[in-house]
Amino acid sequence: MKKLSSLLLLFIFWFGAHAQYKPQGTGRILHRLEKLKVLGSALYVAAHPDDENTLLLTWLSNEQKVRTAYIALTRGDGGQNLLGTEKGEFAGLLRTNELLGARSVDGGQQFFSRANDFGYTKTTEEALATWGEDLILGDLVYRIRKFRPDVIITRFPPDQRAGHGHHSASSLLAEKAFDAAADPKAFPEQLKEVHTWQAKRLVWNFYNRGFTNTPPDDDSQFIQVDIGGYNALLGASYGEIGAKARSMHKSQGFGAALSRGHRTEVLRHTKGEAAKENLFDGIDLSWGRVQGGKEIGEMIDGIIQSFDPKMPEQSIPQLSQVLNKMKNLEQSDLVKDKIQEVQELLLECSGLYTEFVLEDYAYTPGATLKGNIELTNRRPTDITLQSVDIPALSFHEDKAYTLEPNKTVRVHIEAKLPSDFPITQPYWLWDDHPLGHYVLHDEKLKGMPMNPPAVEAQLTYALQGQKINGRYPAQYKYVEPSFGEIYRPLEIRPLVSVTPSLNSLVFHDNTAQEVFVSLKSAKDNALAKVELALPDGWRAEPASRDIVLKSKYDETVTSFKVFPSEKASEVDIQVLAEVDGRAFKRAINSIKYDHIPEITSFPKARIHALKLDLKTAGQKIGYVMGAGDEVPTALRQMGYEVQLLKESDLNQNLSQFDAILIGVRAYNVHEWLPFYHDKLMAFVQNGGNLICQYQTSNGSNKWIDRVGPYPMELSHDRVSEEDAEVRFLDSGKEVLSQPNILDKTDFEGWVQERGLYFASSWDPHYQTVFSMNDKNESKKEGSLLYTSYGKGHFVYTGLSFFRELPAGVPGAYRLLANLISMQ
């Protein structure tokens, strides 16, 4: 038998690691038998995680029964996060796994390009220029040639109606890739691995404003399909399954209600041969498209007709005949995929349950892995385990094990990892990368959602005389009393990780700051020398520390005093540990939520340090946390004493604070906050400064008139070009001059954007400070409003302090200090 595809392994690995064991009835086997008859395929193309139409993917995979995949050009690194503080590449890791969770529900496969989500952009041109158009087009062409879809579907139009430059760019690239994939002159270097491919048609999953599925009102060609059916074998409607898949995008707040009944989707023709009635018009979805394959379709029909759901093992002989017949065909990629499906069905019909469970979840290169391969033959099936291979461990065993009905056999595994075995860092995060795209550590993995399993067992069975292979990832299994059985992916860790307590460090004077470093051992008895590598003009006390970590998973926090340079400067500090003459320079980061497997990665252990020319006034700040908010850390580094405010704290005396800051989207996540409007306004009247960072309004938020002392309207206006010109207005002199004199250089080096959710209209009491706009757009003055009110001041600002401060942008610190210091 051929090996399981890497993609399928990744899918199984994710699902196994995600949650408890979920029983699957024989309705699933019968459903898979029906899919075995179908040889068509469809590829859905869009820009981000959560862009995909999960209901349509569900219908394609389970009703049309074609191989279905979604390629998201980015991993959503620039998006928001309603669940926690993960930003950038960590948000991308979270959203990657949410996508894998969605595919585990709707039955699709998942791919990516190497494009980086650098944040919101309004134009296709900026998206393509930043990504590198040819590079990302090449990734998409490669995936089309590899996956060989009959139909390609885009989510967005290739123009401004898409609402986001990434969206429109994904469609434009799909249109170009539709032709380029079939052209041998386009990306000819790929033809060493894949063949050219011409899809039958390209369609747009059309929508009108508000994603209403109404037909276009022009003379374009389109078809309508009802995707709201019910699948008795799966026990759910496609609307229910699609909503469950959609609800995996929890970090974006996309939980969806289960839908049932009729649902129409519009598919508008873009390229190729137009469909007249059915999406797959003119495409042979049967085994008749393969030379010599017609008989296979008839054989599968016979298996379906005679299938006994109470005794699925009775179908094994017929499935074995189908397998042998397939092996005699010309071995195209299409046939190989179906051979794989048959082998999986044979193991499902046998009732065999196999898993590879280790004694621990983390090991280091050179360590000895211990565990068991556990096999339980749950049906009266004639099956024997013939051999075990674990290539990563150079482990091989030819011993035969007879798998008796309803008895568990354990094959003990104890073998060493090579000393140069790589750590389990996501392949696209190994190396530093430019703004627009990732630099791939391993080109062979391009487009894959995650690394393949670090260690896997390859088992060979004899099933009623038929040779079958299976591959099983090494995992760790434990029981959480409040949840049950949980699987965790195997981690290969650095011997010692060094994790600084912060990613950026800001100095507003020459006073030393304490930096805490967490050392974590992945083995017993590690003696580490820890130090900070500093550039000239900077120093640390002490120069190094010797740390003993006696046991595996021991964790110790040590500290250094860092003294900045005399002059304003911006540097990177490398944190490292030396063990037995080897330097370890990676931190450890864990992302843990109930809806995804625990994700551990090992970013480079660096601190971005900034010596600022900064003046401040005031001392104590109250802060109402928003969503994904790291601003309080930056405020503390500016020299402020910061108290995080809960609802009960707002009932206390607020006069102790010089300023109160409202975090991003705090009004969206704290239902109680609008009810303290009068208390907050009284704080301002009595001399305090209240600074409200951006909030989102969908037009139905009743709190909008309870943000500031005077009316304002919020909008979706934003300036997405981080280098857009910022013009200073005469009305803003108070903000621009005390205590720091600001100029245009303070808006250099901003990341991702200028700001978002600006005010669109406001009471005359408010003064504006800045004018700015993206290219070819009108000027916008709603990025920062302020007004005196009583003895104090109120500020609303859509400027993205929540991004700029953690990124160490000097001007953002100086501007925020001025807002806090207003008198």
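Placed above this text is the structure.
Described in the following lines is the structure provided in the data block. Not measured: the values here are computed from a predicted model.

Time to look at the overall build of the chain. On a plain count of helices and strands, the chain comes out with 17 helices and 45 strands. Radius of gyration (C-alpha) of the chain: 29 Å, near the 28 Å computed for a compact globule of 823 residues. Its C-alpha atoms put the chain at 85 × 75 × 55 Å along the principal axes. Across the 823 residues of the chain, 59% fall into the buried class. Counting only contacts in the chain whose residues sit at least 6 apart along the sequence, the fraction spanning at least 24 positions is 74%. Considering the chain, the positive charge centre built from 91 side chains and the negative charge centre built from 106 side chains are found 3 Å apart.

We now examine helix H6 (residues 133-147). Think of an α-helix as turning once every 3.6 residues; residues three or four places apart then point the same way. Given a rise of 1.5 Å per residue, 15 residues ought to cover 21 Å, and the 21 Å separating the end C-alpha atoms of H6 matches this to within 8%. Across the 15 residues of H6, 11 count as buried, placing the element largely inside the fold. Of the positions making up H6, those classed as buried are Ile136, Leu137, Gly138, Asp139, Leu140, Val141, Tyr142, Arg143, Ile144, Arg145 and Phe147. On its buried side, H6 packs onto strand E1 (41-46), strand E2 (67-72), strand E3 (109-112), helix H5 (124-131), strand E4 (151-154) and helix H7 (165-180). Remark: arginine 148 follows H6 within two positions and exhibits a positive phi of approximately 55°.

On to the pairing of strand E13 (residues 383-390), then. Burial runs high along E13: 6 of the 8 residues are buried. The pairing of E13 with strand E17 (residues 456-463) spans 6 bridges and is classified as antiparallel. Each residue of the ladder has a partner; that of aspartate 389, found in E17, is glutamine 458. Across 3 bridges, E13 lies against strand E14 (residues 395-397) in antiparallel orientation. By the bridge assignment for E14, valine 388 is matched with glutamate 397. Linking E13 to E14, which pair antiparallel, is a turn of 4 residues; within it serine 394 sits at a positive phi near 55°.

Right, let's get into the pattern of salt bridges. Per the stated rule, a full pass over the model turns up 47 salt bridges. The partner of lysine 122 in a salt bridge is glutamate 777, with the nearest N and O atoms 2.6 Å apart. With lysine 122 in the loop between E3 and H5 and glutamate 777 in the loop between strand E43 (770-772) and strand E44 (784-789), this pair connects stretches of sequence that are 655 residues apart. You can call glutamate 777 partly exposed: its relative accessible area is 31%. Here lysine 446 ties to glutamate 193 by a salt bridge, and the two come within 3.7 Å at their closest N and O atoms. One end of the pair, lysine 446, is in the loop between strand E16 (408-416) and E17; the other, glutamate 193, is in the loop between H7 and strand E5 (201-206), and 253 residues separate them in sequence. The network of salt bridges with common partners includes Arg488, Glu491, Arg493, Lys592 and Glu598.

Turning next to the side chain of lysine 65. Note on placement: lysine 65 falls in the loop between helix H3 (54-62) and E2. On the accessibility criterion, lysine 65 (14% relative accessible area) is buried. Only 3.3 Å separates the side chain of lysine 65 from the backbone oxygen of glutamate 63, close enough to count as a polar contact.

Attention now moves to empty space enclosed by the protein. By rolling a water-sized probe across the atoms, one finds the places where empty space is left. Applying the stated criterion to the full structure yields 5 cavities of 30 Å³ or more. The space that makes up the second largest cavity amounts to roughly 40 Å³. If you trace the second largest cavity, you find it lined by Arg75, Phe112, Ser113, Arg114, Tyr427, Trp428, Tyr438, Leu440, Lys446 and Gly447. For the lining of the second largest cavity, the per-class residue count stands at 5 nonpolar, 2 polar and 3 charged.

This brings us to the packing of aromatic side chains. Counted by the stated rule, this structure contains 21 aromatic pairs. Seen from their ring centres, tyrosine 361 and tyrosine 553 are 5.2 Å apart, and the 15° between their planes marks the pair as stacked. Here tyrosine 361 is found in the loop between strand E10 (352-358) and strand E11 (362-363), whereas its partner tyrosine 553 is found in the loop between strand E26 (544-549) and strand E27 (555-563), with 192 residues between them in sequence. We classify tyrosine 361 as buried; its relative accessible area is 15%. Grouped by ring-pair contacts, the aromatic residues Phe156, Trp204, Phe206 and Tyr207 constitute a single cluster. Positioned over the ring face of phenylalanine 111 is arginine 143, at 4.1 Å from the centre of the ring. Sitting over the ring of tyrosine 142, lysine 446 keeps its end group 4.1 Å from the ring centre.

For helix H4 (residues 88-106), built from 19 residues, the straight-helix expectation of 27 Å at 1.5 Å per residue is met to within 8% by its first-to-last C-alpha distance of 27 Å. Directly after H4, the chain includes glycine 107, whose backbone phi takes a positive value near 90°.

Further remarks concern the environment of alanine 236. Looking at where alanine 236 falls in the secondary structure, it is placed in strand E8 (residues 236-237). Considering only alpha carbons, one finds alanine 236 and arginine 260, 24 residues apart in sequence, at a separation of 9.0 Å. Leaving out residues up to four positions away in the same chain, alanine 236 has contacts with Tyr230, Asn231 and Ile241.

Membership of the largest hydrophobic core comes to 77 residues, with the highest contact counts inside it found for Leu635 and Phe770. Of the residues forming this core, the biggest block, 7 residues, is contributed by helix H17 (residues 810-821). When residues no more than four places from it in sequence are discounted, the contact partners of phenylalanine 770 are Val726, Arg727, Phe728, Leu729, Leu736, Phe747, Lys780, Glu781, Ser783, Leu784, Leu799 and Leu815. Membership of the second largest hydrophobic core comes to 58 residues, among which are Leu33, Trp287, Ala367 and Leu459.

Before going further, it helps to examine the sheet that holds strand E25 (residues 539-541). If you walk across this open sheet you meet the 4 strands as E21-E23-E27-E25, and the pairing is antiparallel. Bordering the open sheet on either side are strand E21 (496-500) and E25, each of which pairs with just one other strand. For this sheet, the mean angle separating the axes of adjacent strands, direction not counted, is 35°. Inspection of the sheet shows strand E23 (residues 513-521) paired to E27 by 8 bridges, in the antiparallel sense. By the bridge assignment for E27, phenylalanine 516 is matched with serine 559.

What counts as what
- Residues numbered from 1 in each chain as written.
- Predicted model: local features only at pLDDT ≥ 70, side-chain atom pairs only at ≥ 80, totals over all residues.
- Heavy atoms only, no water.
- Helix = DSSP H or I, 4+ residues; strand = E, 2+ residues; numbered from the N terminus.
- Rg over C-alpha atoms; globule rule 2.2 N^0.38 Å.
- Buried < 20%, exposed > 50% of the residue type's maximum accessible area, 1.4 Å probe, protein only.
- Contact = heavy atoms within 4.5 Å.
- Lys, Arg positive; Asp, Glu negative; His and termini not counted.
- Charge placed at Lys NZ, Arg CZ, Asp CG, Glu CD.
- Expected span 1.5 Å × (residues − 1).
- Pairing = 2+ DSSP bridges.
- Salt bridge = Lys/Arg side-chain N within 4 Å of Asp/Glu carboxyl O.
- Polar contact = N/O pair within 3.5 Å; in protein donor to acceptor, adjacent residues only side chain to side chain.
- 1 Å grid on protein atoms, 1.4 Å probe; cavity = no way out; pocket = protein on both sides within 12 Å on 5 of 7 lines; lining within 4 Å.
- Points joined across faces, edges and corners; volume = space filled by probe spheres on them.
- Nonpolar A, V, L, I, M, F, W, Y, C, P; charged D, E, K, R; others polar.
- Phe/Tyr/Trp six-rings, centres within 6.5 Å; stacked < 30°, edge-to-face > 60°.
- Lys NZ or Arg CZ within 6 Å of the ring centre and 35° of its normal.
- Core = buried A, V, L, I, M, F, W, Y, C linked by side-chain atoms within 4.5 Å.
- Axes fitted to C-alpha atoms, helices over the stretch in contact; angles between N-to-C directions.

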